[in-house]
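# Remarks on the overall topology
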Amino acid sequence: MTDFKISDEQKQYQQLARDFAQKEVAPEAGRLDHSGEFPTPLYKKAWELGLMNVLIPEEYGGLGLKVLEACLISEEMGAGCTGFGAALEANNLAAAALIVAGNEEQKKRFLQPLTQELSFAAFCLDERTAGSDLFDLKCTATRVGDEYVIQGQKLCVTNGVTARWHCVIACTNPEAEHEGLTAFIVPAENENIATGRKLSLLGHRASDSRNLTFQGVKVPAEFRIGEEGEGLAICTKAFKLTRPLMGSAAVGLARSAMEHAIRYAKERNTFGTPIANHQAVGFMLADMAKDIEAARLLCWQAAWLADNGLPGTREAAIARTFAVDMAMKVAIDAVQVFGGYGYSCEYPVEKLMRDAKMMQIQHGTSTLQKAAIGRLMAGVH
Ligand SMILES: Cc1cc2nc3c(=O)[nH]c(=O)nc-3n(C[C@H](O)[C@H](O)[C@H](O)COP(=O)(O)OP(=O)(O)OC[C@H]3O[C@@H](n4cnc5c(N)ncnc54)[C@H](O)[C@@H]3O)c2cc1C
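Heads up: these notes are all about the structure in this document. (Residues numbered from 1 in each chain as written. Predicted model: local features only at pLDDT ≥ 70, side-chain atom pairs only at ≥ 80, totals over all residues. Heavy atoms only, no water.)

Attention shifts here to the overall build of the chain. Each helix and strand counted, the chain has ten helices and ten strands in total. The C-alpha radius of gyration of the chain comes to 21 Å, within 12% of the 21 Å expected for a compact globule of 381 residues. By principal-axis analysis of the C-alpha atoms, the chain measures approximately 80 × 45 × 40 Å. About 17,000 Å² of surface is accessible on the chain, with carbon and sulfur atoms providing 53% of the total. One finds the centroid of the 39 positive side-chain charges in the chain at a distance of 4 Å from the centroid of its 46 negative side-chain charges. (Helix = DSSP H or I, 4+ residues; strand = E, 2+ residues; numbered from the N terminus. Rg over C-alpha atoms; globule rule 2.2 N^0.38 Å. Areas by Shrake-Rupley, 256 points an atom, 1.4 Å probe, with all protein chains shown as cover. Lys, Arg positive; Asp, Glu negative; His and termini not counted. Charge placed at Lys NZ, Arg CZ, Asp CG, Glu CD.)

Right, here's the structure in full:
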């Protein structure tokens with residue numbers, strides 16, 4: 001039986017995240033957007049409050065929160081600043097690969113340190129020729145004795161420079177297509193990893209994304225996650241945990257855009273009345289509210305399925321896709337409600353529009369997600 005009641009403990013996590021996001025993150029969001037600074041002190045506070053790496057099980061020092069609880073936190077972080085939240089999501093994604101498929105030794109060695117001091121991890125999948133098309137991954141991992149040698153480039157890696165370790169998906173068998181991909185833990189401290197400059201982005205400017213080149217990087221075979229050929233399956237399982245979180249961050253962003261729009265619509269007068277009284281504006285606000293509620297519930301459903309070990313790949317993809325597309329629309333409408341001021345960088349909503357666009361692209365575009373949902377529904381590959 002499903003119920004929509006949040007427990008007192010869940011409310012506490014939500015409130016903790018809300019207080020932090022609204023008191024510490026949101027007031028800094030505009031400044032960070034302009035400066036593009038990576039806000040280490042803010043991450044330190046988030047880490048101290050237990051708001052990072054929340055999915056890591058208790059036996060490895062984490063809080064071991066359920067996906068639903070992590071969604072509550074992600075929504076609040078998204079309402080504060082999704083650019084700030086991007087580093088948290090990257091940590092979650094890299095950790096998720098280990099949570100779903102790592103062995104005991106790997107979890108102790110790589111998950112535990114994330115809970116012992118502020119540190120970051122990165123997830124390295126996409127490449128120049130292979131963002132959507134993973135058949136075309138060029139980064140290879142070649143077994144040589146007890147080691148693998150990793151060779152290739154990964155693009156736009158969030159936390160690429162700050163990460164202590166990377167989860168790298170590389171090709172171990174080019175003939176086997178999707179079954180030829182394998183996941184590895186690659187410690188970042190390695191002179192054969194070349195880190196590019198920080199990418200200049202349209203939005204999410206507080207995050208740090210870079211291209212990484214692995215130039216014959218050697219990793220011991222025990223750093224392979226799962227078996228050879230399981231890389232794609234590991235990604236799918238990890239995404240089942242993290243897609244509801246990404247969707248929830250988009251819900252938070254949309255909530256923030258709606259709250260700005262409501263405030264402005266009550267203050268701004270035209271034709272002798274607040275613009276909120278014009279039906280066209282009221283409809284925009286109403287659409288925002290209904291779509292935000294719908295997206296939140298989809299994310300919660302996907303989280304609930306993951307928490308209960310039920311099949312939910314399709315639901316996680318639906319939740320994330322609906323939520324990010326919804327956030328984009330809400331942010332655009334918020335700009336519309338603000339009129340000319342909405343287009344001005346002196347007001348907060350244009351940043352939200354730029355940030356929302358990122359969410360439709362990162363970790364698989366929403367277009368591609370829709371294509372995958374269609375295939376799942378039709379039972380074709
Ligand atoms: C700021 C930033 C941070 C990122 N962080 C990370 C990270 O931490 N780790 C990581 O691995 N990657 C990361 N990425 C990469 C991101 O996940 C990819 O950009 C994304 O998956 C899209 O891949 P692509 O850019 O190669 O686009 P392409 O695959 O070239 O797609 C181009 C367009 O074609 C469409 N398209 C392609 N194939 C199809 C199809 N079959 N059907 C319908 N439409 C299709 C796409 O939807 C898109 O609109 C990041 C990107 C950015 C910009």
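As a further point, take helix H2 (residues 40-48). When H2 is considered as a whole, its buried residues turn out to be Leu-42, Tyr-43, Ala-46 and Trp-47. The arc that holds the buried residues of H2, viewed along the axis, is 140 degrees, so those residues lie on one side. Along its buried surface, H2 packs onto helix H1 (8-35), helix H4 (82-101), helix H5 (104-116) and strand E1 (120-124). Of the residues flanking the end of H2, it is Gly-50, one or two places downstream, whose phi is positive at about 80 degrees. (Buried < 20%, exposed > 50% of the residue type's maximum accessible area, 1.4 Å probe, protein only. Arc of directions from axis to C-beta. Contact = heavy atoms within 4.5 Å.)

This brings us to the pattern of salt bridges. Per the stated rule, a full pass over the model turns up 24 salt bridges. Residue Lys-370 is joined to Asp-325 by a salt bridge in which the shortest nitrogen-to-oxygen separation is 3.5 Å. In this pair, Lys-370 sits in helix H10 (residues 366-378) while Asp-325 sits in helix H8 (residues 313-338), placing the two residues 45 residues apart along the sequence. Looking at Asp-325, the relative accessible area reads 22%, which means it is partly exposed. (Salt bridge = Lys/Arg side-chain N within 4 Å of Asp/Glu carboxyl O.)

For the rest of this paragraph, the subject is the packing of aromatic side chains. A full pass over the atoms with the stated rule returns twelve aromatic pairs. Between Phe-338 and Tyr-347 the ring centres are 6.1 Å apart and the planes differ by 65 degrees, which places this aromatic pair in the edge-to-face class. Within the aromatic cluster, the residues linked to one another by ring pairs are Phe-20, Phe-38, Tyr-43, Phe-84 and Phe-120. (Phe/Tyr/Trp six-rings, centres within 6.5 Å; stacked < 30°, edge-to-face > 60°.)

From the geometry alone we can't say anything about function, so treat these as descriptive.
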